[in-house]
Amino acid sequence: MTISPKLDVVGVGLNATDTLIPVAHYPSRGSKIEFRSAKVLPGGQVATAMIACQLWGLRARYIGKVGDDIAAELHRSEFSRLGVEAHLFTAPGCHSQQAFILVDDGGERTVLWKRDDRLTLRPEELQQEWIVNARALHVDGHDTAAASTAAGWAHAAGVPVIADLDELYPGVEKLLGTVDFLITSRDIPGRLMEEPDLRKSLPALRKQFGSRLTAATLGEEGVLAWDGTSFHYAPAFRVETVDTTGAGDIFHAGFIYGLLQGWPLQRQLDFACAAAAFNCTAIGARGGIQPVERIEQLVTTAARHPCAYDIPILP
């Protein structure tokens, strides 16, 4: 695909092929349980975020690696169909990353996944122009060396780096030193700072790595963020949850969208929470991506879960 001279956002990170299996409840050990269906759908943290950004009108680019199987064709066709500029490297002789996801009647998901080491994206496979010719870079840190290289280029070029971190990969500290907006899962700040209270670990994390923002997503409790001066808290929205797969991916996409619109931080967090909530109302990592107008309507009209932190919601 011809490289566009300038895009809005580029993502370097995971793609996956998800097999969604709805069940009444998570099976106990040694039991048998009937499942209702099995749907094969594209997913993956960064790949899904780039799809959402493209659907919301941003021009998105994705860089990642697939196997030489039918799943790779699924990803290629989906990126092409939605207009995402995709640079997909092929690892010969192996399967693309796959996941089997059990979704219970409460919408909670349990993920079984497998990724061949040959799917690792290497720094030498990246081209600098893919990274610096964008307004923002999104990484998940999984292929840490490649993510660090991309983030280093972006940082040097003044391109803001957003990171979705749900695991502490070897060497991730180098990556964190180039991240501007670090939005992790709930447990990551505590594990990095050895401090379980987010009101202490988020400021410590920002101070150590120099991020502009540190934040943790909290599932149905929303998101807590520290900007160096004050905390910002956005409660999650009340929706009829069908499947929580991809909620964090869509949250990050919503944050990126708001960032590139130049919105105030609180509006970014509210929009991201609403986008994630909508995605939980349908099956699959990308099943509930809604238009921007519907997301903004949810922000202004929907009920929210109770505040999980004694921090005021800022206007």
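The paragraphs below set out a description of the structure included in this document. (Residues numbered from 1 in each chain as written. Predicted model: local features only at pLDDT ≥ 70, side-chain atom pairs only at ≥ 80, totals over all residues. Heavy atoms only, no water.)

Helix and strand counts for the chain come out as ten helices and 13 strands. Relative to a compact globule of 315 residues, whose C-alpha radius of gyration would be 20 Å, the chain shows 19 Å and is just as compact. In terms of principal-axis extent, the alpha carbons of the chain reach across some 50 × 50 × 40 Å. Relative to its 315 residues, the chain shows a buried fraction of 56%. Relative to all contacts within the chain whose residues are 6 or more apart in sequence, the contacts with residues 24 or more apart total 68%. Total accessible area on the chain is roughly 13700 Å²; 51% of this is exposed by carbon and sulfur atoms. Considering the chain, the positive charge centre built from 29 side chains and the negative charge centre built from 37 side chains are found 2 Å apart. (Helix = DSSP H or I, 4+ residues; strand = E, 2+ residues; numbered from the N terminus. Rg over C-alpha atoms; globule rule 2.2 N^0.38 Å. Buried < 20%, exposed > 50% of the residue type's maximum accessible area, 1.4 Å probe, protein only. Contact = heavy atoms within 4.5 Å. Areas by Shrake-Rupley, 256 points an atom, 1.4 Å probe, with all protein chains shown as cover. Lys, Arg positive; Asp, Glu negative; His and termini not counted. Charge placed at Lys NZ, Arg CZ, Asp CG, Glu CD.)

For the rest of this paragraph, the subject is the sheet that holds strand S3 (residues 39-43). If you walk across this open sheet you meet the four strands as S3-S2-S6-S7, and the pairing is mixed. For this open sheet the edge positions go to S3 and strand S7 (109-114), each flanked by a neighbour on one side alone. The mean inter-strand angle of the sheet, taken between neighbouring strand axes irrespective of direction, is 25°. As paired elements, strand S2 (residues 16-22) and S3 share five bridges and run antiparallel to each other. By the bridge assignment, Leu 20 is partnered in S3 with Lys 39. (Pairing = 2+ DSSP bridges. Axes fitted to C-alpha atoms, helices over the stretch in contact; angles between N-to-C directions.)

Let us look at the pattern of salt bridges. Counted by the stated rule, this structure contains 17 salt bridges. For Arg 81, the salt bridge identified is with Glu 78, shortest N-O distance 2.8 Å. You can see Arg 81 and its partner Glu 78 sitting in helix H2 (residues 70-82), three residues apart, about one turn around the helix. By relative accessible area, Glu 78 is classed as buried at 16%. Across the pair Arg 199 and Asp 197 runs a salt bridge whose closest N-O atoms are separated by 3.3 Å. A residue is classified by how much of its surface remains accessible, and Arg 199, at 39% relative accessible area, is partly exposed. Overlapping salt bridges bring together Lys 65, Arg 122, Glu 124 and Glu 125 as one network. (Salt bridge = Lys/Arg side-chain N within 4 Å of Asp/Glu carboxyl O.)

This next bit is on empty space enclosed by the protein. Under the counting rule described, the total for this entry stands at one cavity of 30 Å³ or more. Of the volumes computed, that of the largest cavity is approximately 70 Å³. Val 12, Gly 13, Leu 14, Leu 121 and Asp 143 are, among the 14 residues lining the largest cavity, the residues nearest its centre. Taken together, the elements giving at least two residues each to the lining of the largest cavity come down to strand S4 (60-66) and helix H4 (144-157). (1 Å grid on protein atoms, 1.4 Å probe; cavity = no way out; pocket = protein on both sides within 12 Å on 5 of 7 lines; lining within 4 Å. Points joined across faces, edges and corners; volume = space filled by probe spheres on them.)

Quick look at the pairing of strand S1 (residues 7-12) now. The buried fraction of S1 is high, at six of six residues. In this sheet, strand S8 (residues 134-139) lies alongside S1 in parallel orientation, the contact comprising five bridges. Bridge pairing in S8 places Val 12 opposite Val 139. In this structure, S1 lies alongside S4, joined through four bridges in parallel fashion. By the bridge assignment, Val 12 is partnered in S4 with Ile 63.

Mapped onto the fold, Ile 63 is located in strand S4. Setting aside its immediate chain neighbours within four residues, Ile 63 contacts Val 10, Gly 11, Val 12, Gly 13, His 87, Phe 89, Leu 121, Leu 126, Trp 130 and Ile 131.

Turning next to the packing of aromatic side chains. Counted under the stated rule, the structure contains nine aromatic pairs. Relative to Phe 271, the ring of Trp 263 lies with its centre 5.2 Å away and its plane at 70°, an arrangement referred to as edge-to-face. Cation over ring: Arg 267 sits above Trp 263, and NZ or CZ is 3.8 Å from the ring centre. (Phe/Tyr/Trp six-rings, centres within 6.5 Å; stacked < 30°, edge-to-face > 60°. Lys NZ or Arg CZ within 6 Å of the ring centre and 35° of its normal.)

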